[in-house]
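# Understanding the architecture of this molecule
These are the residues of each chain, in order.
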Amino acid sequence: MAVVRLRAPLSELAGGRRELVLDGATVSEVLRALEREHPDVTGWILDERGRIREHINVFVNRERGREDTALAAEDRIHVLPSISGGDQ
Amino acid sequence: MTELLVGTKKGLFALQGESGASFEISARAFAGEPCEFAIRDPRSGRYLASVTSAFYGPKVFVTDDPAGEWQEAEGVALPEGGDAALKRIWTIVSGEEDGLLYAGGDPGVLFESRDGGLTWELNRPFWEQEGRADWQPGAGGMCLHSIATWPGDPSRLALGISAVGVWLSDDGGATWRHGNDGLVARYVPEESREDTLALCVHNMHRAPARPERLFMQFHGGVYRSDDTGETWTDIGTDTGLPSDFGFPLVVDPEDPDSAYVIPLTADMDRVTPDGRVRVYETRDAGVSWTARGDGLPAENAYLTILRQALDRAGSGPGMGIYFGATSGDVFGSDDAGATWFTAATRLPPVHSVRVV
């Protein structure tokens, strides 16, 4: 089980929860579990291809994570907007 | 009272005001996010907006009150597990059946809603169109930006895409065919023009009073079709336009010989020519164009008006026309372009303007 931390607006789409405990062996699996539990999040972090959106950063503990990053029990996942989308 | 929906680089602005004076901001939504396009469906009263967050991707939102809560529409996405992701929704258009709406987006995709915009489905025949792998995007992406419905007949549609030309359907979108005869892609080598699919339509509108007629602003060229979009005639050369490059276009629905464009200097210099802001009007189907600039900036004004940033309301001599620029200015006319006033200034760069 991993601990997923969200900021607004994602936390609002997850029923106001800023922290969730979700099951999954990889980042992608945990994010899919998040979508199943809170369907309003669908399409906001992962795109249709199953990729993390270009200007979203996912950190696993202190390191930048990718879709296939393996997770251990009690890993902490932070999902937050990157600074690279700021020009928009 | 006139209400405008102005999509900007930093959110949606609803403006309200009387002709001839500055408009008030009655609502702002999606603060900080690029709002590409917004309309109010006159049949339901529902507002629909396309928003392309740099972080969270393209969405369509709906509401009955632009100052209130917006709800994300469902189904605005490409098939899961494929190689492509939706990049942007460029336009939303009311269809010719109750509750029917269309949305066009990048990469060259058409969505349909049959419940007034709450849920959407990808038009699969167009998505699975043979040869799609060879389609080339324009500078703004592969944007399906123009959807021309046929008054009273939901089976007939015309699409304009940058840069994949015109597509026509006579069966409500079940099958599609090209309608590109006569379009000249001056930006490709002469020997390649006849066979090229890289046809960069910038805007296309049907004349409702004569629906077999369409007008088009091309990437270098202004055209008219009198045969439902099958073939196109050049109406931008030696007809009085300072340039045949530009983006937006509208027609007077009462007059099938009318069209309005806003020329920019050239594709390599996308500003109003000679520092003067002028809308050009034809009332003879493009035989001639006349500058309409009374009240618009006449000097030191190098504005860029994007493809969805021009709209009209009503028809005839009292037709309202409104447009916005990337400078953040919005201009209006309540006499079909004869005179103009400034409706707003210092907004974020304007992506789209629609009159409610």
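Please read these numbers as outputs of a predicted model, since none were measured by experiment. (Residues numbered from 1 in each chain as written. Chains lettered and ligands numbered in written order. Predicted model: local features only at pLDDT ≥ 70, side-chain atom pairs only at ≥ 80, totals over all residues. Heavy atoms only, no water.)

## A look at the pattern of salt bridges
Let me state the cut-off plainly: For salt bridges, the criterion is a side-chain nitrogen of Lys or Arg within 4 Å of an Asp or Glu carboxyl oxygen. Numbering of helices and strands runs from the N terminus; a helix is a DSSP stretch of H or I covering at least four residues, while a strand is a stretch of E covering at least two. Here the term buried applies to any residue with accessible area under 20% of the maximum for its type, exposed to any over 50%, and partly exposed to those in between, with areas from a 1.4 Å probe on protein chains only.
Enumeration over the complete set of coordinates arrives at 22 salt bridges over all chains. Close ionic contact of R32(A) with E35(A) constitutes a salt bridge, the shortest N to O distance being 2.9 Å. With R32(A) and E35(A) both in helix 2 (residues 27–37) and three residues apart, this pair spans about one turn of that helix. Judged by relative accessible area, R32(A) falls into the partly exposed class, the value being 23%. Here R283(B) makes a salt bridge to D255(B), at a shortest N to O gap of 3.0 Å. Note that R283(B) is positioned in the loop between strand 22 (279–282) and strand 23 (290–292) and D255(B) in the loop between strand 20 (245–250) and strand 21 (259–264), a separation of 28 residues in sequence. Taking the relative accessible area as the measure of exposure, R283(B) reaches 32% and is therefore partly exposed.

## What to know about empty space enclosed by the protein
Residue and element names in this part refer to chain B. Formally: Cavities and pockets are defined on a 1 Å grid built over the protein atoms alone: a cavity is a set of grid points where a 1.4 Å probe fits but cannot escape, while a pocket is an open set with protein on both sides within 12 Å along at least five of seven lines, and lining residues are those with an atom within 4 Å of any such point. Grid points are joined across faces, edges and corners, and a volume is the space filled by probe spheres set on the points. In this classification, Asp, Glu, Lys and Arg are treated as charged, Ala, Val, Leu, Ile, Met, Phe, Trp, Tyr, Cys and Pro as nonpolar, and every other residue, Gly included, as polar.
All told, the structure shown has two cavities of 30 Å³ or more when counted by the stated rule. Within this model, the largest cavity holds a volume of roughly 60 Å³. Every element with two or more residues in the lining of the largest cavity is listed here: strand 13 (153–162) and strand 14 (165–169). Per element, the largest residue contribution to the lining of the largest cavity is three residues, and it comes from strand 13. Residues belonging to the lining of the largest cavity are distributed by class as follows: four nonpolar, two polar and four charged. The volume enclosed by the second largest cavity comes to roughly 30 Å³. Taken together, P242, P263, P273, R276, R278 and Y280 make up the full set of residues lining the second largest cavity.

Note that all results are geometric; they support no functional claim without further evidence.
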